[in-house]
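Coordinate analysis (summary)
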2 protein chains.
Amino acid sequence: MFSKETYTSRRAQLKALLKGEKGIAVFIGNVEAPAQYKDNCYKFRQDSTWLYYFGLDEPRFAAVIDLEDGSETIYADDFSIDDIIWTGPQPSVAEQAARVGVSHSEPYAKLDWAVSQAIIKGRPIHTIPPSRWYNTLKLQSLGIDKPSEALIRAIISMRLVKTPEEIAELDAAGILGQKMHTVARKGIRLGRVEQEIVGEMEGVTLAEGWGVSFATILTQHGEVFHNHGHAFPIEAGKLMVIDAGAESNSHYASDFTRTYPTGSKYTPKQRDIYSIVYDCHELAFSLTRPGTAYRDVHLAVARLMLDRLSQLGLVKGDLDEMVAAGVAGLFMPHGLGHNMGLDVHDMEDLGEDLVGYDPDQKRSSQLGLRSLRMARRLVPGNVITDEPGIYFIPDLIKLWKKEGRPFVNYAALEEGYFDFGGIRIEDDVLVTADGARRLGGQRLPASPDDVEAAMAADRA
Amino acid sequence: MFSKETYTSRRAQLKALLKGEKGIAVFIGNVEAPAQYKDNCYKFRQDSTWLYYFGLDEPRFAAVIDLEDGSETIYADDFSIDDIIWTGPQPSVAEQAARVGVSHSEPYAKLDWAVSQAIIKGRPIHTIPPSRWYNTLKLQSLGIDKPSEALIRAIISMRLVKTPEEIAELDAAGILGQKMHTVARKGIRLGRVEQEIVGEMEGVTLAEGWGVSFATILTQHGEVFHNHGHAFPIEAGKLMVIDAGAESNSHYASDFTRTYPTGSKYTPKQRDIYSIVYDCHELAFSLTRPGTAYRDVHLAVARLMLDRLSQLGLVKGDLDEMVAAGVAGLFMPHGLGHNMGLDVHDMEDLGEDLVGYDPDQKRSSQLGLRSLRMARRLVPGNVITDEPGIYFIPDLIKLWKKEGRPFVNYAALEEGYFDFGGIRIEDDVLVTADGARRLGGQRLPASPDDVEAAMAADRA
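Looking only at helices and strands, chain A has 17 helices and 17 strands in total. Overall, the C-alpha framework of chain A stretches about 70 × 50 × 40 Å when taken along its three principal axes. Burial status across chain A gives 51% buried among its 460 residues. Long-range contacts, defined as pairs at least 24 residues apart, comprise 74% of the intrachain contacts of chain A with a sequence gap of at least 6.

To continue, consider the domain arrangement of chain A. How large an interface is tends to be reported as the accessible area lost when its parts come together. All names here are of chain A. If you check the domain split of chain A, you get domain 1 (4-159) and domain 2 (164-459). Each of domain 1 and domain 2 has a C-alpha centre, and the two are 35 Å apart. Secondary structure elements with two or more residues in the side of domain 1 that touches domain 2: α2 (48-54) and α7 (149-159). Top element by residues in the side of domain 1 that touches domain 2 is α7. It accounts for 5 residues. Considering only residue class, the side of domain 1 that touches domain 2 consists of 7 nonpolar, 4 polar and 3 charged.

Residues and elements named next belong to chain A. Counting buried residues along strand β16 (residues 427-431), 5 of its 5 residues qualify, which places the element largely inside the surrounding structure. Side chains Asp427, Val429 and Val431 of β16 all project onto a buried face; the interleaved residues Asp428 and Leu430 project onto the opposite face, where all are buried too. Pairing of strand β13 (residues 383-386) with β16, which is carried by 4 bridges, proceeds in the antiparallel orientation. Following the sheet pairing, Val383 is matched in β16 by Leu430. When β16 meets strand β17 (residues 436-438), the two strands line up antiparallel, connected through 3 bridges. Bridge assignment links Val431 to a residue of β17, and that residue is Ala436.

The next thing to look at is helix α1 (residues 4-17) of chain A. All names here are of chain A. The end-to-end C-alpha distance of α1 is 20 Å, a good match for the 20 Å that 14 residues give at a rise of 1.5 Å each. Tyr7, Arg10 and Arg11 are the residues of α1 that are buried. Across the axial projection of α1, the buried residues extend over an arc of 95°, all falling on one side. Within α1, the exposed residues directed more than 90 degrees away from the buried face are Glu5, Ala12 and Ala16. Lining the buried residues of α1 we find α2, β4 (62-66), β5 (72-75) and α7.

A separate point is the sheet that holds strand β9 (residues 217-219) of chain B. All names here are of chain B. The strand order β9-β10-β12 describes an open sheet built from 3 strands, whose pairing is antiparallel. Strands at the two margins of the open sheet, each flanked by one partner only, are β9 and β12 (256-261). Each neighbouring strand pair of the sheet contributes to a mean axis angle of 10°, computed without reference to strand direction. Bridge analysis of strand β10 (residues 239-244) against β12 gives 6 bridges, and the strand direction is antiparallel. Across the sheet, the residue bridging to Ile242 is Arg258, located in β12. Contacting β9, β10 and β12, helix α8 (residues 164-187) crosses the sheet at an angle of about 15° to β12.

All names here are of chain A. Pairing is mixed in the open sheet, where 5 strands are placed in the order β6-β5-β4-β1-β7. Among the strands making up the open sheet, the edge pair consists of β6 (105-106) and β7 (125-126). When β4 meets β5, the two strands line up antiparallel, connected through 4 bridges. Bridge pairing in β5 links Ile65 to Glu72.

Residues and elements named next belong to chain A. Residues other than glycine seldom take positive phi values, yet His251 does so here, at roughly 75°. Looking at the element boundaries, His251 is found in the loop between β11 (246-247) and β12 (256-261). A tally of 22 C-beta atoms within 10 Å means that His251 is categorised as buried.

Moving on to the interface of chain A and chain B. Of the residues lining the interface, 52 residues belong to chain A; the matching set on chain B comes to 52 residues. Counting only elements with at least two residues in the side of chain A that touches chain B, the list comes to β2 (34-37), α3 (81-87), α6 (133-142), α9 (194-208) and α15 (394-402) of chain A. Of the residues contributing to the side of chain A that touches chain B, the split by class is 26 nonpolar, 14 polar and 12 charged.

For these two chain copies, the linking operation is a rotation about an axis paired with a shift along it. At an RMSD of 0.0 Å, chain A and chain B line up after a rotation of 180° and a shift of 0.0 Å along the axis. Expressed as an axis order, the relation between the two copies is that of a two-fold axis. Within chain A, Gly203 of chain A has its C-alpha nearest the rotation axis, a separation of 1.9 Å. An overlap of 100% is found between the interface residues of chain A and their copies at the interface of chain B, pointing to a shared contact surface.

Bringing the packing of helix α10 (residues 268-287) of chain B against helix α11 (residues 294-311) of chain B into the picture now. Any two packed helices are characterised by the angle at which their axes cross and by the distance between the axes. All names here are of chain B. For the pair α10 and α11, interaxial distance at closest approach is 9 Å and the crossing angle is 150°. Taken together, the axis directions place α10 and α11 in an arrangement best described as roughly antiparallel. Crossing angle aside, the handedness with which α10 passes α11 is right-handed. Across the interface between the two elements, Ile276, Asp279, Cys280, Leu283, Ala284 and Leu287 from α10 touch Val297, Ala300, Val301, Leu304, Met305, Arg308 and Leu309 from α11. The residue inventory of the contact of α10 with α11, partitioned by class, reads 11 nonpolar, no polar and 2 charged.

This next bit is on the nonpolar core. With 250 residues, the main nonpolar core has Met305 of chain A together with Met305 of chain B as its most contacted residues. In this structure Met305 of chain B touches Ile276, Cys280, Ala328, Phe331, Met332 and Ile390 of chain B, once residues within four positions along its chain are discounted.

On to the environment of Lys38 of chain A, then. Residue and element names in this part refer to chain A. On the secondary structure map, Lys38 appears in the loop between β2 and β3 (40-41). We classify Lys38 as partly exposed; it has 13 C-beta atoms within 10 Å. Note: C-alpha distance between Lys38 and Lys19 (19 residues apart in sequence) is 41 Å.

Another point: the confidence of the model for chain A. When the pLDDT values of chain A are averaged, the result is 96; 100% of them are 70 or greater. Here the predicted complex carries an ipTM of 0.95, next to a pTM of 0.96.

With that settled, consider the environment of Lys146 of chain A. All names here are of chain A. Within the secondary structure, Lys146 sits in the loop between α6 and α7. C-beta crowding within 10 Å serves as the criterion here: with 9 such atoms nearby, Lys146 is assigned to the exposed category. Lys146 sits 17 residues away from Pro129 along the chain, and the two C-alpha atoms are 7.4 Å apart.

Moving on, we get to the packing of α9 of chain A against helix α9 (residues 194-208) of chain B. Between α9 of chain A and α9 of chain B, the shortest axis-to-axis distance is 7 Å and the interhelical angle comes to 160°. With respect to each other, α9 of chain A and α9 of chain B are oriented roughly antiparallel. For the pair α9 of chain A and α9 of chain B, the crossing hand works out as right-handed. For the pair formed by α9 of chain A and α9 of chain B, the contact residues are Gln195, Glu196, Val198, Gly199, Glu200, Glu202, Gly203, Val204, Leu206, Ala207 and Glu208 of chain A on the first element and Gln195, Glu196, Val198, Gly199, Glu200, Glu202, Gly203, Val204, Leu206, Ala207 and Glu208 of chain B on the second. Tallied by class, residues from the contact of α9 of chain A with α9 of chain B come to 8 nonpolar, 6 polar and 8 charged.

Moving on, we get to the pairing of β12 of chain B. Looking along a regular strand, one sees the side chains alternate between the two faces of the sheet. Counting buried positions along β12 of chain B yields 6 of 6 residues, so the element is predominantly enclosed. Side chains of β12 of chain B alternate between two faces, with Phe256, Arg258 and Tyr260 of chain B and Thr257, Thr259 and Pro261 of chain B buried alike.

What counts and what doesn't
- Residues numbered from 1 in each chain as written.
- Chains lettered and ligands numbered in written order.
- Predicted model: local features only at pLDDT ≥ 70, side-chain atom pairs only at ≥ 80, totals over all residues.
- Helix = DSSP H or I, 4+ residues; strand = E, 2+ residues; numbered from the N terminus.
- Buried ≥ 20, exposed ≤ 12 C-beta atoms within 10 Å, placed from the backbone.
- Contact = placed C-beta atoms within 7 Å.
- Domains from an automatic or database assignment.
- Nonpolar A, V, L, I, M, F, W, Y, C, P; charged D, E, K, R; others polar.
- Pairing = 2+ DSSP bridges.
- Expected span 1.5 Å × (residues − 1).
- Arc of directions from axis to C-beta.
- Axes fitted to C-alpha atoms, helices over the stretch in contact; angles between N-to-C directions.
- Least-squares fit on C-alpha atoms with pLDDT ≥ 70 in both.
- Parallel < 35°, antiparallel > 145°, perpendicular 65-115°, else oblique.
- Left-handed = near helix turned anticlockwise from the far one by under 90°.
- Core = buried A, V, L, I, M, F, W, Y, C linked by C-beta atoms within 7 Å.
- pLDDT = per-residue confidence, 0-100.

Have a look at this one:
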C-alpha cells in the first residue's frame, strides 16, 4: 500500500480529468468469490481500479466520488463483536478510509441509497464495466445499466503511465517471477510430471507474494496456448514452454516466458527456430522507445520472422507482400505484447481497444495482429511485454492449406514440423525517457547459448 | 474421475430417491470465476454436486434430469476451430457426456429453452441453492426462484455416506495433507516469516493435487480463527496453529490442524493446555462409532475440557451445571467437527442444518454448540473432522465478565492467559462398521511428546 498522499493525489487527478462531467462516479471493490460455498472462497483479490484509487485491500468496500462537488465517500461495514471472535480486533471503516485520505464513510447498504438518490435527481452515474459476476448483479440491483466511457478513458490515461513507486513494485514482482522461473528451470528432469514443477514454482510466489499473476502455462505442447493441464511426464527431445508470472503482495504483476529443451540441449532444428524467436525478441526490445507505435514493432517482428522462415524454406514470396497478407499470423497467431501493471493484461476489464489502441488506430482483423493487445504509440512509463513466438499448429496449418492461402510451404511443414510444438520468449519492459529497460533483476537466460549453459550448470 | 458406471448408478439412485416427484432437476456446473477480468480467472473448481453426479471437470456444463421419464441431457458447447487454435483438439460434448453415461447432449443455450418449456407446462423445477454469484444470476435468468428441499435431501442422503472409491480418494487427499503439514512443521524456525511456510506447504498441494482445500490458517494467534494474514516473523515462545488441507486432483479434501511450539518445546503452561486439547481429541475419536450422535461427542468433549480447566483453576462449579450453561463455549467457541468429502465442509452450500442435523435434532443457540456443523447420529461411511481446541480470546472473556457470567475465574484468565493464544488439534475420521479410523497415511505427531520429538528430529 502506498501513502495516503498517493491515493489522494490520484483521485484529485481523476477529478481534474473529469472536470465538467456531471453526476457521480461509483467504484465497487471486489467481494469474496466463493469456490464451493460462501465460507470457502478463493484467495481474495481486490479490484485493480479500486486498489489504484482507494488502496484498501479488504472485501466489500465501495466508494462514490461526486464529480461536481468533489466529495468522496467510502461505503463498508464495521465488524461486530460476533465477527471479532472470528477475526480479532479490526480497524474501523472510518480509520481505514482515513488511511487513504477519505474523511467520510457510511455503511455498505447506504451505497444503494446514494445511487438511487442520484438516479432520482437525473444525475449521470459513472462506472466501469463489471469484471466479475458479483459486479454484474450489483450494478443490476443499483439500476446502473452501462459503463461510462469518460470515466474509463480517464482511468486508462492514468494507469497506462506507471509512476516511480509503481515501477519499484513492478521490479519487485519481476524479481519474484524470475525466481519462480529459475526454480522451474532447475526442476526440469526427464520423467518428472509437469505438475510437480508447477507446484514448486507456484509455491515460490505464495511464499513471497500474493501468488501467480495468471494461471501458469507449463507445457511440452507450446503450440496449444491455453494449456492448463499438467498431467504429462517430461519426455526427451521436447520443448517446454513456461509462461508464468508472480503477483506481489501489493498486487503488481510480472509475466515471463522461456522455452527449454527438456534434455537441456536444443536439437539443431529446435535451435534454428529458437534463434529466430530470440532475434525477434531482441529486435522488439531494440525498437521499443517513446514515439514508436507498438503495432509497428509487432509488424517489424513479423517481417523478421518471415524473412528468417523463408531462409529455412518454410515460406516463400515477396517479403512485403507476405507481411501485408499477415502470413506471420500462421506462426504467431497472437500479438507481440500487452500492457502490464496491477493486472497482467493491464485494465483488460476496461476494454481491450480503449486500453491498447490510440483513438486513430483501428484494430486489424488479421490472425495474429487482431490479437495484439497493445498497439499504441509508446510513452515513458508504459510497461509492456515483449513476447514473440513461433508455433506449428497442425489444425491451423491444415486449415490454411485447405483455404489455399499462398506463401506457405505446406509440404515442408507437414513433413517436418507437425510434432515440433512451439517456442515463446517473453520479458517485461518499461518504456523510459529515451528507450526501454527490462523489469526485474538479473535477466533470465534467453539466448540459446545462455539457456543451455544455465541448464548445464543446473545439472552440474 | 470414476467409471461411467459410478455416475450412472448414482443418478439412478437419485432418481429412485425422488420417485413420485414431478418435474425436472436442473444441475448447473460451475463456470470460470474471473479474478480480475474474464480472461484471468481463478483456478477452475467444478461444483461438487455436479462432480458427484456428472463427473465432468470442465466449465460451462449443465444438465437436466427428467424425474418423470428418467431422461438425462447434458448442455454444453463444442469448441470451434477458433477455440482449437488456443486449446488444441478437444473431445466433443457428446463424447464427454458418453464418458459419464449420458447419451443426449445439447448446446448450453438450450438449457434456457428446456427450463422455460417446463415452466410453461407448470412442471416443478428442482435445483440446489446457488453457491456462486454466477449461479445466482443464472437461476434468475432461468426464472427459478427457489431451491428444492426434496432434491437437496436426496443429494445429502447420498453424499453423507462415502463409498469405498470415495474413501480411497479421501485417504489420498489425507496423505497429501499430511505431507504439506510435515513440510510446514520442518519449516518452523525463529525469524522466518509465516508466509514463507505457507508458500512451501501450498506448493506441495499444487505439485500433487488441485491445491489447498481451503485458505490456509497458519498463525501465532490461534485465538483468531479466520486469520489469513501471514506477515509476521516467527517469535520465540509462541504457539503456531496450522490448520490446512489439500484438495486432490479428483477434488476430495483433507483438513488437519496441529499446534506447534515455535521454539520446538512447549512451556509448562502451554503443555498443560495442549494436554487437555489432546485428551479431548482422543476422547472424541474413542467415542466415534455408528449410532452415536456427534452432538453428544461434542458435549462429552466439553465436559472433559471443563473438568480439566477446573483442575487448573480457570473455571469452578458443578460440572453438570457448567456443561449445561455452555461454559466450554468460552474456550471453544466452535463445533467439534464437520462433514468432509468433495468439500472440506461437505455440502455446506446445500444448507448447514439439512446436512449436519437429523430431523429430530435442533441446533443450539449456545456459543460453541451453535457452530457445530455435524450433530447427526453417525453411520458407517460418514467422514468427519475431530477438532477440539482451547483459545483465550481477550475480547470474548471481557464480554463474559461484563455480562457477569458465572463459573469462570476471570482474574486467573486476565492475569495469565491473555497472551496465550490458542491450540487446536484436528484429524479426519471415517466412521466404520464398528468404530472409526483416521484417514490418510502415517498420522501426524499429535501428543505433546510426539510433537516435541518430531521437532527435535527435524532440527537434528
